[in-house]
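# Architecture at a glance
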Amino acid sequence: EVEYYEQKLYDLGEHVDRLIRLSSDLLMLSRFDQLGSGLEPPFQPQRVNLTDTLYATADFMQPLAEEKSQTISLELPPKLILHGDEDNLVRLFLNLVENAIKYTPASGQISVQAETNKREIRVAIQDTGPGISPEHIPHLFERFYRGDKSRKRHDGGSGLGLAIAKSIIEGHNGRIWV
């Protein structure tokens, strides 16, 4: 009987965590929406070494990849410097690398590559997952869109991650695409 209650408390904790993440994501999107209304943006721009940020992201996500026997490889110039909001850039790349890990089968590979031409920085995150069906691509960055309806809600996210990624990129005067 004690095990039953422990399981129920664990399940309840999981639901609370999911609601906290959803609330946080919705609050963040609301702040991004304010950008279009002329209000102060939710960014704190500073000089950021994107190379360091991408290496830190890969290090942070490494245990998750190791659980699935995946490898994360990086091919980055030594110093990619930009003026941006480091916290939001970290959130952006954690989201994208986590998606790559989630949708890549065991023993797969995730690669993070970056290059610059002095005017722009281009970052590419690729994986050996099954890919995305063409009919889903136009909707990937829409709020609450989840391409695979068969996944249980607890297995996947809320459908806000890529909408947030797009808002972060656009807040940095960039663009994101698949």
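## Remarks on the overall build of the chain
When you go through the chain residue by residue, the secondary structure sums to four helices and five strands. The helix and strand sequence of the chain, counted from the amino end, reads α-β-α-β-β-α-β-β-α. The long-range share in the chain, meaning contacts at least 24 apart out of those at least 6 apart in sequence, stands at 70%. Accessible area for the chain stands at about 11800 Å²; split by element, carbon and sulfur atoms hold 52% of it.

## Observations concerning the pairing of strand S5 (residues 121-127)
With seven bridges joining them, strand S4 (residues 109-116) and S5 adopt antiparallel strand pairing. Each residue of the ladder has a partner; that of Ile110, found in S5, is Asp127. Linking S4 back to S5 in an antiparallel pair, the connection comprises four residues, with Lys118 at a positive phi of about 80°.

## A few points about unusual backbone geometry
Here the phi dihedral of Ser69 falls at roughly 55°; this positive angle occurs in a residue that is not glycine. At Lys118, a position not held by glycine, the phi torsion is positive, near 80°. Take Lys118: it is sitting in the loop between S4 and S5.

## Digging into the sheet that holds S4
As summarised here, the arrangement of the three strands in space is S2-S4-S5, forming an open sheet in which the pairing is mixed. Of all the strands in the sheet, the pair left with one neighbour each is strand S2 (71-75) and S5. Ignoring which end each strand starts from, the neighbouring axes of this sheet average 10° apart. The sheet contact formed by S2 and S4 spans five bridges and is parallel. Across the sheet, the residue bridging to Glu75 is Gln113, located in S4. Sheet strands touched by helix H2 (residues 50-67): S2, S4 and S5. Its angle to S2, the strand with the most contacts, is close to 170°. Sheet strands in contact with helix H3 (residues 86-102) are S2, S4 and S5, and its direction is about 25° off that of S5.

## Regarding the packing of H3 against helix H4 (residues 161-171)
Where H3 meets H4, the closest approach of the two axes is 9 Å, and the angle between their N-to-C directions is 140°. Taken together, the axes of H3 and H4 lie oblique to each other. Crossing hand, H3 versus H4: left-handed. Judged by residue contacts, Asn88, Leu89, Arg91, Leu92, Asn95, Leu96 and Asn99 of H3 engage Gly161, Leu162, Ile164, Ala165, Ile168 and Ile169 from H4. In terms of residue class, the contact of H3 with H4 is built from eight nonpolar, four polar and one charged.

## Description of the packing of H2 against H3
Orientation of H2 relative to H3, taken along the N-to-C sense of each, is 40°, at an axis distance of 9 Å. In terms of orientation, H2 and H3 fall into the oblique class. Helix-helix and strand crossings are classified by hand; for H2 and H3 the assignment is right-handed. In contact with Leu50, Thr53, Leu54, Thr57, Phe60, Met61, Leu64 and Ala65 of H2, H3 contributes Glu86, Val90, Phe93, Leu94, Val97, Glu98 and Ile101. Among the residues making up the contact of H2 with H3, the classes are represented as 11 nonpolar, two polar and two charged.

Calculation criteria
- Residues numbered from 1 in each chain as written.
- Predicted model: local features only at pLDDT ≥ 70, side-chain atom pairs only at ≥ 80, totals over all residues.
- Heavy atoms only, no water.
- Helix = DSSP H or I, 4+ residues; strand = E, 2+ residues; numbered from the N terminus.
- Contact = heavy atoms within 4.5 Å.
- Areas by Shrake-Rupley, 256 points an atom, 1.4 Å probe, with all protein chains shown as cover.
- Pairing = 2+ DSSP bridges.
- Axes fitted to C-alpha atoms, helices over the stretch in contact; angles between N-to-C directions.
- Parallel < 35°, antiparallel > 145°, perpendicular 65-115°, else oblique.
- Left-handed = near helix turned anticlockwise from the far one by under 90°.
- Nonpolar A, V, L, I, M, F, W, Y, C, P; charged D, E, K, R; others polar.

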